[in-house]
Amino acid sequence: MECGAPQLAIVEKNGRLLLGLKKTGFGSGYYNGFGGKVEPGETIAQAAHRELQEEAGITATSLQHRGVLTFAFDDQQLPWEVHVYRVPDYTGEPCESQEMAPVWMHPQELPYDKMWADDRWWYPVFLRGASFQGVFAFTNTTQLVWHNLQEVEEPGKLPATELLTV
Ligand SMILES: Nc1[nH]c(=O)nc2c1ncn2[C@H]1C[C@H](O)[C@@H](COP(=O)(O)OP(=O)(O)OP(=O)(O)O)O1
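The sections below set out a description of the structure shown in this document. From a predicted model like this one, the values you see are computed outputs, not experimental measurements.

With that settled, consider the layout of surface pockets. Space inside the largest pocket adds up to approximately 440 Å³. Lining the largest pocket are 22 residues, and of these Lys22, Phe26, Gly35, Gly36 and Trp80 sit closest to its centre. Among the residues forming the lining of the largest pocket, the class breakdown is nine nonpolar, five polar and eight charged.

Next comes the structure, spelled out in structure tokens:
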């Protein structure tokens, strides 16, 4: 299902967030959750488990689906639908991988100037414990030019087209 759809897993444990400094590929240089694309035969949640293991060396004991974000880039043909998961607990010890260097952060001190420009909008909603859907339009890959973010009961139920009319 949804082969290719990327996802993000954000560990939130003991009042701190585990983010990773992305060292390679799309978004390198930014702090972000752990994630990547869904592979053939995987569900989105299975891909989130796998990417967390590959990129941070830990195993999620549960995943909470908390958001669906649609990113439209002017230099890419199709928008990306990114599923955001909260990981309240895990087993193993976070360790640096080829792609990501894990760092614990205080929610009040997130380095938004070193994160994707959409993050300053939806992380506060995530941190409040709410669920959300949003559409974000970028030019020049990283410059946010338009967005619409809404809190929802269940992420993924609201058609993205409804978020295009403000
Ligand atoms: N505007 C944005 N804001 C954000 O917070 N995360 C974004 C984002 N645009 C992309 N991402 C995330 C989604 C996904 O976890 C990651 C990029 O996915 P990619 O599949 O390109 O990752 P990788 O380069 O790690 O590739 P694979 O691991 O090979 O799938 O960046």
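It is worth spelling out helix H2 (residues 119–127) at this point. Buried residues of H2: Asp119, Trp122, Tyr123, Val125 and Phe126, and no others. Projected down its long axis, H2 carries its buried residues within an arc of 160 degrees, all on one side. Note on H2: the residue one or two positions beyond its end, glycine 129, has a positive phi of about 90 degrees.

On to the site of the ligand. The immediate surroundings of the ligand are formed by 19 residues, with Gln7, Lys37, Glu99, Asp118 and Asp119 found nearest. For the ligand, an oxygen atom lies 2.9 Å from a polar atom in the backbone of glutamine 7. In this structure, an oxygen atom belonging to the ligand sits 2.5 Å away from a side-chain N or O atom of glutamate 99. Put simply, the ligand lies in the largest pocket. The set of elements that each furnish at least two residues to the shell around the ligand consists of strand E1 (6–13), strand E4 (34–37), helix H1 (44–56) and H2. Looking at the shell around the ligand residue by residue, the classes come out as eight nonpolar, four polar and seven charged.

Parameters and conventions
- Residues numbered from 1 in each chain as written.
- Predicted model: local features only at pLDDT ≥ 70, side-chain atom pairs only at ≥ 80, totals over all residues.
- Heavy atoms only, no water.
- 1 Å grid on protein atoms, 1.4 Å probe; cavity = no way out; pocket = protein on both sides within 12 Å on 5 of 7 lines; lining within 4 Å.
- Points joined across faces, edges and corners; volume = space filled by probe spheres on them.
- Nonpolar A, V, L, I, M, F, W, Y, C, P; charged D, E, K, R; others polar.
- Buried < 20%, exposed > 50% of the residue type's maximum accessible area, 1.4 Å probe, protein only.
- Helix = DSSP H or I, 4+ residues; strand = E, 2+ residues; numbered from the N terminus.
- Arc of directions from axis to C-beta.
- Near = heavy atom within 4 Å.
- Polar contact = N/O pair within 3.5 Å; in protein donor to acceptor, adjacent residues only side chain to side chain.
- Sits in = over half its atoms within 2 Å of the grid points.

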